[in-house]
Amino acid sequence: MHYDRLGFPIPPQFDRPAEADPPPPIRGSLAQPRRPGRGKRLLLMAVLVGVVVPAAIIPAVMPTFREGVVHWSLGQAIRHEGRGDLDAAVTDLGRAIRWGGRSIEADPVRKSRLLCWRAMLHMENRDLTAAVADADLAASIAPTGAQPHRIRALAAVIRGDADAALAAAQVAFDLDGPNHPEALNHRAYVRALVGRELEGALVDVEAALRGSGDGSPEFLDTRGFVLHLLGRQQQAIDDLNRAIDVARTERHRVVALLGHVDDGELAYRLRSADHGLAVMHHHRGLACQALGLGGQAEQDFTVAKSKGFDPNRGIF
């Protein structure tokens, strides 16, 4: 018995039909059969390109990419703060902190500094809750850092909590050490802002001036303010005159950088310089007013306001 291709028996009286050859392929037509295994090879290549290659490359380039985002974000924060756009600067710093990833987490001092920067912006923007939250987080990350406690002290000054302000300033002082000019000046200034321990504040700031070479305009401003509060108005005005002269000279140096540095960075530096001058003019106005120099006092208050003096926004 013979059987056909499908397995059915062929009657004896019938001959088996010849096996038909497959039709020849049509050139250029979709009907042309693909070579065995071609589809699998294409699929494998797609997997390699789409999955395996990125999986190998992304981990290698991601740290560099993250650091690029951090660097760009910090530049944006400087530019936005320089223009007075504090909300945008806060957003920029948040992005820098998030994208820092392991590099930020592995460097607690760096992360603490970024948090303190953002805290100061929050405070200037009248958001004390956010400012203190950032300062608290910064302190927990870098427990030996003094800056978070300085921010806590200033926030307490704004709240009107003199005891908390003095306590935080003391913690910052203890962390920095008794021979640190910035620590001495900060404790002196907080004491002056709350109007307490003024004789101790004068001792502090004089030690700070000796430690810095007697030329810091910020330290001279602090001593002038303390002397004003102690009723020594002419001495206060003398110190504040020197502070303003030095600060103006430094501001002129910043202006001379026009065309040589990024415009955003220049605006940032000028804003900082103007804030310092605003405080100095306000303090001199207070001393002049107390000494009966009403005209000079009014001029100083006007300059201070034009340069952004506003203690309600945390600008000291």
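The rules behind these values
Residues numbered from 1 in each chain as written. Predicted model: local features only at pLDDT ≥ 70, side-chain atom pairs only at ≥ 80, totals over all residues. Heavy atoms only, no water. Helix = DSSP H or I, 4+ residues; strand = E, 2+ residues; numbered from the N terminus. Buried < 20%, exposed > 50% of the residue type's maximum accessible area, 1.4 Å probe, protein only. Lys, Arg positive; Asp, Glu negative; His and termini not counted. Salt bridge = Lys/Arg side-chain N within 4 Å of Asp/Glu carboxyl O. Polar contact = N/O pair within 3.5 Å; in protein donor to acceptor, adjacent residues only side chain to side chain. Expected span 1.5 Å × (residues − 1). Contact = heavy atoms within 4.5 Å. pLDDT = per-residue confidence, 0-100. Axes fitted to C-alpha atoms, helices over the stretch in contact; angles between N-to-C directions. Parallel < 35°, antiparallel > 145°, perpendicular 65-115°, else oblique. Left-handed = near helix turned anticlockwise from the far one by under 90°. Nonpolar A, V, L, I, M, F, W, Y, C, P; charged D, E, K, R; others polar. Phe/Tyr/Trp six-rings, centres within 6.5 Å; stacked < 30°, edge-to-face > 60°. Lys NZ or Arg CZ within 6 Å of the ring centre and 35° of its normal.

**Q** Would you take a moment to explain the side chain of Asp 221 for this structure?
**A** Positionally, Asp 221 belongs in helix α9 (residues 217–229). The buried charged residue Asp 221 lacks any salt bridge partner; its closest oppositely charged side chain belongs to Arg 284, at an N-O distance of 9.4 Å. A distance of 2.8 Å separates the side chain of Asp 221 from the side chain of His 283, its partner in a polar contact.

**Q** Where do I start with α9 in this structure?
**A** For an α-helix the count is 3.6 residues per turn, leaving residues at separations of three or four pointing the same way. A rise of 1.5 Å per residue sets the reference length of α9, with its 13 residues, at 18 Å; its end C-alpha atoms lie 18 Å apart and thus fit the reference within 8%. α9 sits mainly inside the fold: 11 of its 13 residues count as buried. The inward-facing, buried residues of α9 contact α7 (181–194), α8 (198–212), α10 (233–255) and α11 (263–290). Among the residues trailing α9, Gly 231 stands out with phi positive, at a value near 85°.

**Q** Would you mind showing me how to read the confidence of the model for the chain here?
**A** Close inspection of predicted coordinates is inappropriate for parts of the model with low pLDDT. Confidence along the chain averages 84 in pLDDT terms, with 76% of residues attaining 70 or more. Counting interchain partners and residues more than four positions distant, the pLDDT-below-50 stretch residues 3–10 has 12 contacts. Contacts for the low-pLDDT stretch residues 26–31, under 50 throughout, to residues beyond four places or in other chains number one contact.

**Q** In this structure, what is going on with the environment of Ala 153? I would like to understand it.
**A** Along the chain, the position of Ala 153 falls in helix α5 (residues 147–159). Along the backbone, Ala 153 and Ala 164 are 11 residues apart, and their C-alpha atoms lie at a distance of 6.8 Å. Setting aside residues no more than four positions away along its own chain, Ala 153 makes contact with Ala 165, Ala 168, Ala 169, His 186 and Val 190.

**Q** What is the right way to look at the packing of helix α3 (residues 108–124) against helix α4 (residues 128–141) in this model?
**A** Packed helices, taken two at a time, are described by the angle their axes make and the gap between the axes. The interhelical angle for the contact between α3 and α4, taken along N-to-C directions, is 165°, at an axis separation of 8 Å. As far as their axial angle goes, α4 and α3 are roughly antiparallel. In this structure, α3 meets α4 at a crossing whose hand is left-handed. Along the contact surface, α3 presents Pro 108, Lys 111, Ser 112, Leu 115, Cys 116, Arg 118, Ala 119, His 122 and Met 123, while α4 presents Leu 128, Ala 130, Ala 131, Asp 134, Ala 135, Leu 137, Ala 138 and Ile 141. In terms of residue class, the contact of α3 with α4 is built from 12 nonpolar, two polar and three charged.

**Q** Would you mind showing me how to read the packing of aromatic side chains here?
**A** To describe a pair of aromatic rings, one takes the distance between the centres and the angle between the planes. Summed over the entire model, instances satisfying the criterion amount to two aromatic pairs. With 6.4 Å between their ring centres and 65° between their planes, Trp 117 and Tyr 268 make a pair best called edge-to-face. Pair noted here: Trp 117 is in helix α3 and Tyr 268 is in helix α11, with a separation of 151 residues, a long-range link. Seen from their ring centres, Tyr 189 and Phe 225 are 5.9 Å apart, and the 65° between their planes marks the pair as edge-to-face. Note that Tyr 189 is positioned in helix α7 and Phe 225 in helix α9, a separation of 36 residues in sequence. Of the two residues, Tyr 189 and Phe 225, both sit in the buried class. Sitting over the ring of Phe 173, Arg 187 keeps its end group 3.7 Å from the ring centre.

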